[in-house]
Amino acid sequence: ILNVEQSPQSLHVQEGDSTNFTCSFPSSNFYALHWYRWETAKSPEALFVMTLNGDEKKKGRISATLNTKEGYSYLYIKGSQPEDSATYLCGEGAQKLVFGQGTRLTINP
Amino acid sequence: ETGVTQTPRHLVMGMTNKKSLKCEQHLGHNAMYWYKQSAKKPLELMFVYSLEERVENNSVPSRFSPECPNSSHLFLHLHTLQPEDSALYLCASSQDGGSNYGYTFGSGTRLTVV
């Protein structure tokens, strides 16, 4: 993997369901993996920064895991709510973050 | 407000105009960034300033000229732009590369070149 890639590109989930999506990144020269939530007409907001293989972080109903050896991170949302609708970005790097294209999540009430 | 303020929010400019985008942060961060978001593309890094020195210029055309007069302010000077430069320009700041708390982004300037 040469770039940061996110899948799926878009996702529709029923309110109350749980969901997850993936960020893949080059496993060589890894420094840090960032997740951001970007709501329409707002600024991207940092969710997690992870640096160690096996890291797991949690904020409320959202959690993330990191596997630096195989070059992927998962973001999980438990019990989706309408306010979770946003684009979720991941970025990898040190002083110059390289971002994926994002996963656009829509929660259907 | 995130603590990173960008002005203007929207800008329409002709190809022969000269304009500047402004970014301001009072978070005490020591690095600032310009990113470009074009339609259906990932965020693209343009410039990085760390401790007021430019440490990254990501093959950006010379019609984009950054300036970082102090640790709180970052400008992007624009001249003779092309219609394909129309995009959302995001400024961000971080402390020590963002490895603890990530980047703090502004709301962006939506630029349209006509």
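Residues numbered from 1 in each chain as written. Chains lettered and ligands numbered in written order. Predicted model: local features only at pLDDT ≥ 70, side-chain atom pairs only at ≥ 80, totals over all residues. Heavy atoms only, no water.

Peer 1: How do you make sense of the sheet that holds strand E3 (residues 19-24) of chain A when you look at a structure like this?
Peer 2: Remark on secondary structure: sheet strands pair via backbone hydrogen bonds, oriented parallel or antiparallel. All names here are of chain A. Taken together, the five strands give an open sheet; going across it, the order is E1-E3-E8-E7-E6, and neighbouring strands pair in antiparallel fashion. The open sheet has two free edges, formed respectively by strand E1 (5-7) and strand E6 (56-59), since each of these has just one partner strand. In this sheet, neighbouring strand axes are inclined to one another by 15° on average, regardless of whether the strands run parallel or antiparallel. (Pairing = 2+ DSSP bridges. Helix = DSSP H or I, 4+ residues; strand = E, 2+ residues; numbered from the N terminus. Axes fitted to C-alpha atoms, helices over the stretch in contact; angles between N-to-C directions.)

Peer 1: Even after reading the chapter, I still don't get the interface of chain B and chain A, so can you show me in this structure?
Peer 2: The accessible area lost on association of the parts is a frequent measure of interface size. Taken together, the contacts link 26 residues of chain B with 18 residues of chain A. Roughly 1,600 Å² of surface becomes buried between chain B and chain A when both sides are summed, with 57% attributable to carbon and sulfur atoms. Counting across the chain B and chain A interface gives zero salt bridges. Connecting chain B to chain A are five residue pairs in polar contact (both at pLDDT 80 or more). Those elements that place two or more of their residues in the side of chain B that touches chain A are strand E4 (31-37), strand E5 (44-50), strand E6 (53-57) and strand E9 (87-94) of chain B. A breakdown of the residues in the side of chain B that touches chain A according to their chemical character gives 12 nonpolar, 10 polar and four charged. (Contact = heavy atoms within 4.5 Å. Buried area = accessible area lost by both parts, 1.4 Å probe. Salt bridge = Lys/Arg side-chain N within 4 Å of Asp/Glu carboxyl O. Polar contact = N/O pair within 3.5 Å; in protein donor to acceptor, adjacent residues only side chain to side chain. Nonpolar A, V, L, I, M, F, W, Y, C, P; charged D, E, K, R; others polar.)

Peer 1: What is the right way to look at the pattern of salt bridges in this model?
Peer 2: A pair can form between side chains of opposite charge whenever their charged atoms are brought close. All names here are of chain A. Scanning the model with the defined rule gives five salt bridges over all chains in all. The residue Asp84 makes a salt bridge to Arg61 at a minimum N-O spacing of 2.8 Å. With Asp84 in the loop between strand E8 (72-77) and strand E9 (86-92) and Arg61 in the loop between E6 and strand E7 (62-67), this pair connects stretches of sequence that are 23 residues apart.

Peer 1: I tried to follow the state of the cysteines on my own but got confused; where do I start?
Peer 2: Between two cysteines, a covalent bond joining their sulfur atoms is known as a disulfide. Residues and elements named next belong to chain B. Tallying each qualifying case throughout the model produces two disulfides over all chains. Two residues share a disulfide in this structure: Cys23 and Cys91, whose sulfurs sit 1.9 Å from each other. Its S-S torsion of approximately -75° makes the covalent link between Cys23 and Cys91 left-handed. Taken together, the residues Cys23 in strand E3 (residues 18-25) and Cys91 in strand E9 connect sequence positions 68 residues apart. (Disulfide = S-S within 2.5 Å.)

Peer 1: Explain the sheet that holds strand E7 (residues 64-70) of chain B to me, please; I cannot follow it from the model alone.
Peer 2: All names here are of chain B. Taken in spatial order, the four strands make up an open sheet running E1-E3-E8-E7, and their pairing is antiparallel. The open sheet has two free edges, formed respectively by strand E1 (4-7) and E7, since each of these has just one partner strand. Strand-to-strand twist in this sheet, taken as the mean axis angle between neighbours without regard to direction, amounts to 20°. As paired strands, E3 and strand E8 (residues 73-79) are joined by seven bridges and run antiparallel to one another. In the sheet register, Leu21 faces E8, and the bridge partner there is Leu76.

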